[in-house]
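# Observations on the model geometry
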Amino acid sequence: MEPELECFDAQTRKAEGYGELKGGFVVHCSLKMCRLLLDPNHFLFPLLGARFPLETATGLNGRVWINANETRHIIAAARCIEAVDPDGGGMDEAHVKKFISTLDT
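Criteria and thresholds
Residues numbered from 1 in each chain as written. Predicted model: local features only at pLDDT ≥ 70, side-chain atom pairs only at ≥ 80, totals over all residues. Heavy atoms only, no water. UniProt positions renumbered as here; feature names shortened; annotations may be inferred. Helix = DSSP H or I, 4+ residues; strand = E, 2+ residues; numbered from the N terminus. Contact = heavy atoms within 4.5 Å. Pairing = 2+ DSSP bridges. Axes fitted to C-alpha atoms, helices over the stretch in contact; angles between N-to-C directions. Salt bridge = Lys/Arg side-chain N within 4 Å of Asp/Glu carboxyl O. Buried < 20%, exposed > 50% of the residue type's maximum accessible area, 1.4 Å probe, protein only.

The name given to the protein chain in an unreviewed UniProt entry is K Homology domain-containing protein, and the organism recorded there is Sparassis crispa. According to the UniProt record, the Subcellular location (unreviewed entry) comment for the protein chain reads "Nucleus".

### Observations regarding the environment of Pro 86
Inspection of the secondary structure assignment puts Pro 86 in the loop between helix H3 (71–84) and helix H4 (93–101). C-alpha separation for the pair Pro 86 and Lys 32, spaced 54 residues apart in sequence, amounts to 7.5 Å. When neighbours within four sequence positions are excluded, Pro 86 is seen to be in contact with Ser 30, Lys 32, Met 33 and Leu 36.

### What about the sheet that holds strand S4 (residues 54–58)?
Read from one edge to the other, the open sheet built from 3 strands follows the order S3-S5-S4, with strand pairing classed as antiparallel. Strand pairing shows two members of the sheet lacking a second neighbour, strand S3 (25–28) and S4, which therefore form its edges. The mean inter-strand angle of the sheet, taken between neighbouring strand axes irrespective of direction, is 25°. Of the pairings in the sheet, the one linking S3 to strand S5 (residues 63–68) comprises 4 bridges and is antiparallel in character. Bridging across to S5, Val 27 finds its partner in Val 64. Contacting S3, S4 and S5, H3 runs over the sheet at an angle of about 150° to S5.

### Considerations on the pattern of salt bridges
Considering all chains together, one arrives at 2 salt bridges under this definition. A salt bridge links Glu 70 to Arg 72; the nearest nitrogen and oxygen atoms lie 2.6 Å apart. The partly exposed category is assigned to Glu 70, whose relative accessible area is 34%. The partly exposed category is assigned to Arg 72, whose relative accessible area is 39%. For Glu 93, the salt bridge goes to Lys 97, with nearest N and O atoms at 3.7 Å. You can see Glu 93 and its partner Lys 97 sitting in helix H4, 4 residues apart, about one turn around the helix. Look at Glu 93 and you get partly exposed, because its relative accessible area is 34%.

Next up, the structure:
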């Protein structure tokens, strides 16, 4: 059975403009990483968003949905999430900037 991903407001339990997540890719990461990505002061998504347009939805279940116009951007974002994950590589902001600068966007 195919899973269906939907994004909704956790307080009202309604879509309110979000709705079904179509396309994209789901990255599996630690619960700690998901909590970090939900922090508006975390560095990763602003760095990636400054380089190329992308959409994300972060769950508290260790899953992050990523979508972008180009497949290579989705792959780059997924690799960055995995590299920054404290349970994985634990890469810091300086190393992520260096990696992102090598991307041909």
